[in-house]
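Here are the chains, one letter per residue:
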Amino acid sequence: MKLQKDHIEWLAQKVLASWKADTQVHLKVPEKQIYDMILSVIQKELDHERELERDVQQMLDKIEREHGTGLDRHKMSQMIRKKLAQEKKVIL
């Protein structure tokens, strides 16, 4: 997923606001620290997704070199992405 920095920050703010509004959640560290942690987690997940996409493209290129260009690249990419995501435990 391609998110701009301001979208990631907005999402982190929404998550923090949701946690603050939940009466069962009691924040034990400063909000800024939690916000930064949320940003970090989101960024790491996006990095994993980008890495997965790079791996998918490399596999597709290899398959095309071995079997020619007659393959449906879009369909193959979906299949490879799903399989790699399961193997690498990446949430799409």
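Thresholds applied
- Within each chain, residue numbers correspond to sequence positions counted from 1 in written order.
- The predicted origin of the model limits local features to residues at a pLDDT of at least 70 and limits the giving and counting of side-chain atom pairs to 80 or more, whereas totals for whole chains, interfaces and linings rest on all residues.
- The side-chain quantities take in all heavy atoms of the structure and omit both hydrogens and water.
- Angular values range over 0 to 180 degrees, each being the angle between N-to-C directions of two axes fitted as lines to C-alpha atoms, with helices fitted over their stretch in contact.
- Secondary structure elements follow DSSP: runs of H or I no shorter than four residues count as helices, runs of E no shorter than two count as strands, and numbering proceeds from the N terminus.
- Oblique is the label for any angle not under 35 degrees, not over 145, and not in the 65 to 115 range, which are roughly parallel, roughly antiparallel and roughly perpendicular in turn.
- Left-handed describes a crossing in which the near helix is turned anticlockwise from the far one by less than a right angle; the clockwise case is right-handed.
- Here, residues are in contact when the closest pair of their heavy atoms is within 4.5 Å.
- Side-chain classes are defined by residue name, with Ala, Val, Leu, Ile, Met, Phe, Trp, Tyr, Cys and Pro counting as nonpolar, Asp, Glu, Lys and Arg as charged, and the others, Gly among them, as polar.
- To estimate how far a helix should extend, the number of its residues minus one is multiplied by 1.5 Å.
- Three exposure classes are used, based on accessible area relative to the maximum for each residue type with a 1.4 Å probe and protein chains only: buried under 20%, partly exposed in between, and exposed over 50%.
- Note on scores: pLDDT gives the predictor's confidence for each residue, bounded by 0 and 100.
- Buried Ala, Val, Leu, Ile, Met, Phe, Trp, Tyr and Cys residues that are joined via side-chain atoms within 4.5 Å together make up what is termed a nonpolar core.

## What to know about the packing of helix 1 (residues 5–21) against helix 2 (residues 31–67)
Link 1 in the chain: Taken N-terminus to C-terminus, the directions of helix 1 and helix 2 make an angle of 130°; their axes are 9 Å apart at the nearest point. It follows that helix 1 is oblique to helix 2 by the angle criterion. Seen from above, helix 1 lies across helix 2 with right-handed handedness. Facing helix 1, whose interface residues are Ile8, Glu9, Leu11, Ala12, Gln13, Val15, Leu16, Trp19 and Lys20, helix 2 presents Glu31, Ile34, Tyr35, Ile38, Leu39, Ile42, Gln43 and Leu46.
Link 2 in the chain: Split into classes, the residues belonging to the contact of helix 1 with helix 2 amount to 12 nonpolar, 2 polar and 3 charged.

## Description of helix 2
Link 1 in the chain: For helix 2, with 37 residues, the first-to-last C-alpha span of 54 Å sits near the 54 Å given by 1.5 Å per residue.
Link 2 in the chain: When we look at burial in helix 2, the residues that qualify are Ile34, Tyr35, Ile38, Leu39, Ile42, Leu46, Leu52, Asp55, Val56 and Leu60.
Link 3 in the chain: Those residues of helix 2 that are buried are in contact with helix 1 and helix 3 (73–88).
Link 4 in the chain: Immediately downstream of helix 2, the backbone of Gly68 shows phi near 90°, a positive value.

## Details of the confidence of the model for the chain
As a general rule, the predicted coordinates of low-pLDDT regions are not to be interpreted in detail.
Link 1 in the chain: Across the chain, the average pLDDT comes to 89, with 99% of residues at 70 or higher.
Link 2 in the chain: Summarising per-element confidence for the chain, the mean pLDDT is lowest in helix 3 (90) and highest in helix 1 (93).

## Overview of the nonpolar core
Link 1 in the chain: Residues Ile8, Ala12, Leu16, Ile34, Tyr35, Ile38, Leu39, Ile42 and Leu46 constitute the largest nonpolar core, which totals 9 residues.
Link 2 in the chain: Breaking this core down by element, the ones donating at least two residues are helix 1 and helix 2.
Link 3 in the chain: Top contributing element to this core by residue count: helix 2, with 6 residues.

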